[in-house]
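# Per-entry structural report
Here's the letter readout for the chains.
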Amino acid sequence: MAPNIIPADTNGIRDKAAIVGIGETEFSWNSGRSELQLASEAIKAACDDAGISPQDIDGLIRYDMESNHETLLTQSLGIKNLRHWESVSYGGGAGNATVGHAAAAIAAGYANYVVCFRAANLRSGVRLGRARGPESIPGGADSFAVPWGNMAPAHRFGMFVRRYMHQYGATSRHFGWVAVTLREHASRNPRALRREPITIGDHQNSRMVVDPLHVLDFCQENDGAAAVVMTTAERARELRHSDTLTLVEAAAQGSGPRNDGIIYRPDLAVAESEHTARDLWARARLSASDMDAMMFYDHFTPFGLINLETYGFVQPGEAKDFVEGGENIRFDGMLPVNTHGGNHSEAYIHGLTHVQEAVRLIRGDSTAQPPHKAINRVLSCSSVAQLSGAVIIRRG
Amino acid sequence: MTQQTEPVAKSPAMTKPLEGVPLPDLEQVPDYEQGFWAGTRAGELRIQRCAACGRFRHLPTPMCPECSSLEYDWTTVSGRGTVYSFVIVRHPVHPAIREREQTPYNICMIELEEQEGLRVCSNVLHVAPEDISVGMPVRVTFVPAVADPDVTLPVFLPASDR
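Residues numbered from 1 in each chain as written. Chains lettered and ligands numbered in written order. Predicted model: local features only at pLDDT ≥ 70, side-chain atom pairs only at ≥ 80, totals over all residues.

## Remarks on the overall build of chain B
Regarding its fold elements, chain B presents two helices and eight strands. Counting from the amino terminus, chain B carries its helices and strands in the arrangement α-β-β-β-β-α-β-β-β-β. Summarising the internal contacts of chain B: among those between residues at least 6 apart in sequence, 57% fall at separations of at least 24. (Helix = DSSP H or I, 4+ residues; strand = E, 2+ residues; numbered from the N terminus. Contact = placed C-beta atoms within 7 Å.)

## Some words on the sheet that holds strand β2 (residues 56-57) of chain B
All names here are of chain B. Pairing is antiparallel across the open sheet formed by three strands, whose spatial order is β2-β1-β3. Of all the strands in the sheet, the pair left with one neighbour each is β2 and β3 (72-76). Alignment of strand β1 (residues 46-50) against β2, held across two bridges, turns out to be antiparallel. Among the inter-strand pairings, Arg49 is bridged to a residue of β2, identified as Phe56. On the sheet, helix α1 (residues 34-41) packs against β1 and β3 and is oriented at approximately 145° with respect to β1. (Pairing = 2+ DSSP bridges. Axes fitted to C-alpha atoms, helices over the stretch in contact; angles between N-to-C directions.)

## Structural notes on the pairing of strand β9 (residues 293-296) of chain A
Residues and elements named next belong to chain A. Side chains Ala293 and Met295 of β9 all project onto a buried face; the interleaved residues Met294 and Phe296 project onto the opposite face, where all are buried too. Across four bridges, the pairing between β9 and strand β10 (residues 377-381) is parallel. Its bridge partner lying in β10, Phe296 is registered against Cys381. (Buried ≥ 20, exposed ≤ 12 C-beta atoms within 10 Å, placed from the backbone.)

## Thoughts on the packing of helix α3 (residues 91-108) of chain A against helix α12 (residues 352-363) of chain A
Residues and elements named next belong to chain A. Contact geometry for α3 and α12: axes closest at 7 Å, N-to-C directions at 60°. Viewed along their axes, α3 and α12 adopt a mutual orientation that is oblique. Judged by residue contacts, Gly95, Asn96 and Val99 of α3 engage Leu352, His354 and Val355 from α12. Counted by class, the contact of α3 with α12 contains three nonpolar, three polar and no charged residues. (Parallel < 35°, antiparallel > 145°, perpendicular 65-115°, else oblique. Nonpolar A, V, L, I, M, F, W, Y, C, P; charged D, E, K, R; others polar.)

Next comes the structure, spelled out in structure tokens:
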């Protein structure tokens, strides 16, 4: 049967919703408190930033991996009338996808103040990088992977990285330039967990965890929470950040075939974001060259290169030259990426901090604010299997 | 640099499958996956194949993702293929890997010769980490799992003599 992909050319959410508040807890290796406590603190901080009360919230978008369900939050936040709630599946893809879902709910009139959040003790609690327990497997993708020792995210994503290196001649050193750059950005960010600068030599000499991935290619595993508050563009003009609106211009999620188990997609040198990117640009009627900065989901540094290619900032195979030396992707370079330090060095809150940093950049509040150009449009994107998400935030 | 430790010593070749890792519970494995494990128990690599369009598929599914047929059979393949991609695991993430000192080990995606893009996840035994490469020819063999003799695992060996 011939594939029949209907082009995405309708953008019903364009500029309908604004991010009006961002907030987070401190990021740590051991928060010492519950995930509901973390969620409540981050959401309160985001409401304070917006200038609204948590009681005004009437929409919640959570990750489906989140332990905090709607009932817990309505109870803790004192929400008077929750009108709309959704759970977005998959970790890394969900960060941007929650914002797209919130924008759709706002555009549809389902809710007035929608919060997207992620709160988790991903270090002191259950660590995603660790393998599951000793129990047997009831079938499914794990049963065709775990018996051969394929049991952690790095094992699966390392398969992409090896294939990508094979196909395009990228080397570990290229990934190192991403690590060095993100750490430099984090060194300016007081929220960041890892602030000590590193050199390309540090990266190359760091412990090999899952060849081809050094330990300095990995994101952090930490505790913490992040939240964003969204409302209509009209209402945003009455709130605290009315001088700088940050509008959701377009959003997309995407997946191709054969995404179960992560490692079976037709070409492992590209990621599911090829589908997301195609739809995002079609809906926005924009291209990569219209973006002033890119926040990418950096669970592993090589996905910086893969994102640059799948979202069209460079042609396939060209990212290795683009990131060489780090100058192009630094905060003061041609395309600033992850100016907060990303999952790699700031904190791992499943991609939601990237959306927050996009807002900061447009407000001019980043700790690595590009000194050489105005930031009017930012792409926040992910490339991960199984489902990826992306959103364009623009100055209103 | 707080994340650094001393370099890992050069490893011996991996000569046997991993021990102590979780295995499929064949009592719970769904109907559309059973044929794979029945095949390995019989010493054959059987891959699910659409009865209508003839395309192989892995991971197993109830429906053919190409032609939507619900009819399939299990076809024994040659067991020959090439390494499509691989990683070398140096850091153990599972207690059985750590306690039995089973690192380093490789995980390979093997592309089977019957169909472009038809891949299974496995290990290539009897090869040092530094000697694995993308495109390397391999052939299947079968090893009963130590912890559950009902489960037989397909693993691969270098087949450079092809």
